[in-house]
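# Residue-level structure breakdown
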Amino acid sequence: MRIIFHTGKGGVGKTTMSAATALKAAKMGYRTLVISTDPAHSLSDSLNIPLSGNPVEVTKNLWAQEVNVLDEIREHWGELQTYMSSLLITKGFDNIVADELAVAPGMEELSSLFQLNLHAKSGKFDLIVIDCAPTGESVRLLTLPDIVDWYVTKLFSVARTAVGFMRPIMMKTSLLLPDDNVFGSVEKLLKQIAEVKEIVNDPEQTSIRIILNPEKMVLKESQRAFTYFNLYGYNVDAILCNKILPDSEDPHYKKWAELQKKYLHEVDESFLPIPIFKNRMINTEAVGIELLEMIGDEMFGDQDPTKIMFKEQLQKIRKEKNYYVLSIYMPLVEKEKFVLKKNNEDFIIEVGNFRKNIVLPRTLASLSPGDANFVNGYLEIKFS
Ligand SMILES: Nc1ncnc2c1ncn2[C@@H]1O[C@H](COP(=O)(O)OP(=O)(O)OP(=O)(O)O)[C@@H](O)[C@H]1O
Ligand SMILES: [Mg+2]
């Protein structure tokens, strides 16, 4: 089974590309599910059919679902939430405020991943496409299993020990202690989180596709997201470049098309050799199955959209004793001279006529690049 996350800045075409990819795969015979995890769902509007919190059949081999985050929270976090809410009420919070505060950060997003887990285990689908919320959120979404796992494990091992010897004392005070139900539900939660981690971290199964438009701000945010996906070890296997304007004689659109050409070049510089799929701006709203199918066909041609399109990790960072090493995949430019330029988080590497633009993660943005060497197809640069 394959899992593809579609992520990108707001409005670039994530939902459109998710639906188009899913339709293409379904047409090729793959049992496909497309899930929207963005609380501001628009998958139903895009496909132009009503959807619900459970998979709804759209066409042959294709199902679609808009995750109902509130139901998911009740189901997976119910016990914990009730406990936290009662605890807050004993501390003087108003009922409604306590209920709101009891939704811990990350619960909503993780709930969507639990749905993914459920479907992945069901064996019903060959492909699951996830239409994510805008980029910043999806970087967070994919790192949440690790973070929440860490906090919950730490907090609850402390709580469990504390409960053991504090119960006799606390019985006399107003402090509410978590009971076995709460611990039971936390254990169930941790098991789910472990399963989600296994799925999203498996490079043979899961990949991320970044959707972008050839525009300055979109490109910058995509580079930043790409850096962080690399940092966390996720495989970005394709870039879907959307809303490319056709050439035009009209001076207004001619200017736009020229500007896009400049940024298309920068898209290449930032992401090649990752495959970049280019999609034109069609002459109407990309809504409804027929148009989405056309977009999917144009995008992939006779290629299989479920394939893992690229596997190499383009950027890697490791920490040595007192410096970091940034490695950039550059297999074709080995023996040449290179120039490094850094301006805060922007980092440019020039080798002959070849330029590579990247956005540095926070850890490196404040450091200076030093020695650089080619090692096994990677340019390794020291930062200290
Ligand atoms: N190639 C295209 N040609 C024409 N219109 C497009 C194309 N791709 C997307 N659109 C239109 O652009 C709008 C935004 O697209 P879409 O909803 O897919 O973006 P999104 O990234 O999912 O947005 P959000 O961040 O709000 O979830 C929609 O009206 C859609 O129909
Ligand atoms: Mg969307």
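Use the structure listed above.
First things first, this report covers the structure right here in the doc. This is a predicted model, so every value here is computed, not measured.

With six bridges connecting them, strand β11 (residues 338-343) and strand β12 (residues 346-351) associate as antiparallel partners. By the bridge assignment, F338 is partnered in β12 with V351. Between β11 and β12, which pair antiparallel one after the other, the connecting turn spans two residues, and N344 there sits at a positive phi close to 50 degrees.

If you check helix α1 (residues 14-27), its first and last C-alpha atoms are 20 Å apart, about what 14 residues at 1.5 Å a residue would give, namely 20 Å. Most of α1 is tucked away, with 13 of its 14 residues classed as buried. Among the residues trailing α1, G29 stands out with phi positive, at a value near 105 degrees.

The subject of this paragraph is the packing of helix α8 (residues 216-231) against helix α9 (residues 251-271). Where α8 meets α9, the closest approach of the two axes is 11 Å, and the angle between their N-to-C directions is 5 degrees. Taken together, the axis directions place α8 and α9 in an arrangement best described as roughly parallel. Contacts between α8 and α9 involve K216, L219, S222, Q223 and F226 from the first element and Y263, E266, V267, S270 and F271 from the second. Residues that form the contact of α8 with α9 fall into these classes: five nonpolar, three polar and two charged.

It is worth spelling out the pattern of salt bridges at this point. A side chain of one charge can pair with a side chain of the opposite charge if their charged atoms are brought near each other. Scanning all chains against the criterion turns up 19 salt bridges. Taking the shortest distance from any N to any O, the salt bridge between E345 and K220 comes out at 3.5 Å. Taken as a pair, E345 in the loop between β11 and β12 and K220 in helix α8 lie far apart in primary sequence, 125 residues in all. Residue E380 pairs with R318 through a salt bridge whose shortest N-O separation is 3.2 Å. Of this pair, E380 sits in strand β15 (residues 378-383) while R318 sits in strand β9 (residues 315-319), placing them 62 residues apart in sequence. Exposure remark for E380: the relative accessible area of 18% places this residue in the buried category. The exposure class assigned to R318 is partly exposed, which follows from its relative accessible area of 36%.

With that settled, the discussion passes to the environment of G29. Along the chain, G29 turns up in the loop between α1 and β2 (32-36). Along the primary structure G29 and D126 are separated by 97 residues, whereas in three dimensions their C-alpha atoms are 9.3 Å apart. Residues within four places of G29 in sequence aside, it is in contact with N61 and D126.

When the terminal C-alpha atoms of helix α10 (residues 289-300) are compared, their 16 Å separation across 12 residues agrees well with the 16 Å that a helix rising 1.5 Å per residue should span. Buried within α10 we find L292, I295, G296, M299 and F300. Projected down its long axis, α10 carries its buried residues within an arc of 105 degrees, all on one side. Two residues or fewer after α10 comes G301, characterised by a positive phi angle close to 55 degrees.

Residue P273 is bonded to the preceding L272 through a cis peptide linkage, with omega at 10 degrees. By the element assignment, P273 lies in the loop between α9 and β8 (276-280). The phi dihedral of N48 is positive, around 65 degrees, even though this residue is not glycine. Examined against the element boundaries, N48 turns out to sit in the loop between α2 (43-47) and β3 (56-59). In this structure, N61 is a non-glycine residue whose phi angle is positive, near 70 degrees.

So, on to the site of ligand 1. The environment of ligand 1 is made up of 16 residues, and the closest members are G11, K14, T15, T16 and N242. Within the side chain of T16, a nitrogen or oxygen atom sits 2.5 Å from an oxygen atom of ligand 1. In isolation ligand 1 offers 630 Å² of accessible surface; the protein chains occlude 79% of this area. Within the residue set of the shell around ligand 1, elements represented by two or more residues are α1 and β7 (236-244). With three residues, α1 is the single largest residue contributor to the shell around ligand 1. Class assignment for the residues of the shell around ligand 1 results in five nonpolar, seven polar and four charged.

Criteria and thresholds
- Residues numbered from 1 in each chain as written.
- Chains lettered and ligands numbered in written order.
- Predicted model: local features only at pLDDT ≥ 70, side-chain atom pairs only at ≥ 80, totals over all residues.
- Heavy atoms only, no water.
- Pairing = 2+ DSSP bridges.
- Helix = DSSP H or I, 4+ residues; strand = E, 2+ residues; numbered from the N terminus.
- Expected span 1.5 Å × (residues − 1).
- Buried < 20%, exposed > 50% of the residue type's maximum accessible area, 1.4 Å probe, protein only.
- Axes fitted to C-alpha atoms, helices over the stretch in contact; angles between N-to-C directions.
- Parallel < 35°, antiparallel > 145°, perpendicular 65-115°, else oblique.
- Contact = heavy atoms within 4.5 Å.
- Nonpolar A, V, L, I, M, F, W, Y, C, P; charged D, E, K, R; others polar.
- Salt bridge = Lys/Arg side-chain N within 4 Å of Asp/Glu carboxyl O.
- Arc of directions from axis to C-beta.
- Near = heavy atom within 4 Å.
- Polar contact = N/O pair within 3.5 Å; in protein donor to acceptor, adjacent residues only side chain to side chain.
- Areas by Shrake-Rupley, 256 points an atom, 1.4 Å probe, with all protein chains shown as cover.

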